[in-house]
Amino acid sequence: MKAQERPGGPALRRIEVENVSARYGQVRALDSVTFSVTPGVCALLGPNGAGKTTLMSSIVGIKTHDGRIEVVEGGQRAQIRPTDVGYLPQRFDLASAMCCHETVQYAAWCQGRSPRQARQASVDALERVGLTDKAHAKVKTLSGGQRQRLGIACAIAHRPPILLLDEPTVGLDPTQRYRLREYLTGIAENTCVVVSTHLLEDVHVMADQVVIIDGGKIIFNDTKDAMVAHGAQHQHAGESTLEAAYRSLTDGKPRP
Ligand SMILES: Nc1ncnc2c1ncn2[C@@H]1O[C@H](COP(=O)(O)OP(=O)(O)OP(=O)(O)O)[C@@H](O)[C@H]1O
């Protein structure tokens, strides 16, 4: 992934999430969540079951919810359009008999690119995730990390102004993790990138904004520097400031 490459989508002013609540039957997964995201990398943190995936799928529009999720651009509010968004779900299936190039081409075509644009988009995205040499390999022959990178290629191929990645660095080797972080920080100037992660190194390397969610509620929403400053006040021996901040903010909270 080349940091100097920037997606050509229009810069969005911000994503507004207002008073969003969501349930699975009796389970309240999100409870009046309100925050906004401007271009940059927003790291979404929280314990297992906190509601991160539910929040991402609500923003994408596939989880029904109460409240409002909109884009505000030039003072105008609008619904988020599917073509505005690139989404890497936490778990996904790909057509195992298709090759990587066909897979990404199809994803770009589904996002409104013409067949010719989709072909080029696939070439570019596979290059960015380091899978050019696997372009004609069948999906079923890929390793776990290669599959994850193919999923990322599908999410970024149409160069969306909103990128939602649910635990994208899981399964990537250190070099690929570095390349992904470099790519995301490179596009962040004009892309709202929301990355769900359990890795504080992801936060350290690429986050501008940090949102911590616990029990379906936002318990922290500020800059990375503010999180570091909070951690410095609660640091134990052997802990980084980010580890201390995360522990002190999430320790002892009731779980749903
Ligand atoms: N399909 C589902 N049916 C019922 N409950 C669900 C479903 N998906 C999630 N939940 C519940 O909703 C809550 C939030 O889950 P969610 O997957 O959003 O958390 P998460 O923060 O993404 O967790 P993780 O870090 O483990 O991926 C949890 O209590 C979970 O058990």
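From a predicted model like this one, the values you see are computed outputs, not experimental measurements.

Conventions adopted
- Residues numbered from 1 in each chain as written.
- Predicted model: local features only at pLDDT ≥ 70, side-chain atom pairs only at ≥ 80, totals over all residues.
- Helix = DSSP H or I, 4+ residues; strand = E, 2+ residues; numbered from the N terminus.
- Rg over C-alpha atoms; globule rule 2.2 N^0.38 Å.
- Buried ≥ 20, exposed ≤ 12 C-beta atoms within 10 Å, placed from the backbone.
- Contact = placed C-beta atoms within 7 Å.
- Near = placed C-beta within 6 Å.
- Nonpolar A, V, L, I, M, F, W, Y, C, P; charged D, E, K, R; others polar.
- Pairing = 2+ DSSP bridges.
- Axes fitted to C-alpha atoms, helices over the stretch in contact; angles between N-to-C directions.
- Core = buried A, V, L, I, M, F, W, Y, C linked by C-beta atoms within 7 Å.
- UniProt positions renumbered as here; feature names shortened; annotations may be inferred.

Draft legend 1. Expanded view of the overall build of the protein. A tally of regular secondary structure across the protein gives eight helices and ten strands. In terms of overall dimensions, the protein is globule-like: its C-alpha atoms have a radius of gyration of 18 Å, near the 18 Å expected for 256 residues. Seen through its C-alpha atoms, the protein measures out along the principal axes to roughly 50 × 45 × 35 Å. Evaluated residue by residue, the protein yields a buried proportion of 43% over its 256 residues. Considering only residue pairs separated by 6 or more positions, the protein has 68% of its internal contacts joining residues 24 or more positions apart.

Draft legend 2. Main features of unusual backbone geometry. The phi dihedral of Asn19 is positive, around 55°, even though this residue is not glycine. Residue classification places Asn19 among the partly exposed positions, given that 13 C-beta atoms sit within 10 Å. Positive phi, close to 55°, is recorded for Arg159, a residue that is not glycine. With respect to the helices, strands and loops of the structure, Arg159 is situated in the loop between helix H4 (144-156) and strand S7 (162-166).

Draft legend 3. Spotlight on the site of the ligand. Around the ligand lies a shell of 13 residues, among which Tyr24, Asn48, Lys52, Thr53 and Thr54 are the nearest. Of all elements in the fold, only strand S2 (27-37) and helix H1 (52-60) reach the threshold of two or more residues within the shell around the ligand. When residues of the shell around the ligand are assigned to their parent elements, the largest contribution, three residues, is made by H1. In terms of residue class, the shell around the ligand is built from five nonpolar, seven polar and one charged.

Draft legend 4. View of the pairing of S2. In terms of strand pairing, strand S1 (residues 14-24) meets S2 through seven bridges, oriented antiparallel. By the bridge assignment, Tyr24 is partnered in S2 with Val27. Joining the antiparallel neighbours S1 and S2 is a turn of two residues, in which Gly25 adopts a positive phi near 60°.

Draft legend 5. Focus on the sheet that holds strand S9 (residues 209-214). Pairing in this open sheet of six strands is mixed, and the strands run S6-S7-S8-S3-S9-S10 from one edge to the other. Both edges of this open sheet fall to strand S6 (85-88) and strand S10 (217-223), since each of them pairs with a single strand only. In this sheet, neighbouring strand axes are inclined to one another by 15° on average, regardless of whether the strands run parallel or antiparallel. For S6 and S7, the ladder comprises four bridges, and the chain directions are parallel. Counted as the bridge partner of Leu88 is Leu165 from S7. Docked against the sheet, helix H8 (residues 241-250) engages strand S3 (40-45), S9 and S10, running at close to 35° with respect to S9.

Draft legend 6. Local environment of the nonpolar core. One finds Ala153 and Val193 to be the most contacted residues of the largest nonpolar core, which totals 66 residues. It is H4 that contributes the most residues to this core, six residues altogether. Discounting chain neighbours no more than four positions away, the residues touching Ala153 are Val104, Ala125, Leu126, Val129 and Leu131.

Draft legend 7. Expanded view of the UniProt feature "domain: ABC transporter" (unreviewed entry) in the protein. With numbering matched to this structure, UniProt assigns "domain: ABC transporter" (unreviewed entry) to residues 15-240. Taken as a whole, residues 15-240 contains 34% helix and 29% strand, while its terminal C-alpha atoms sit 31 Å from one another.

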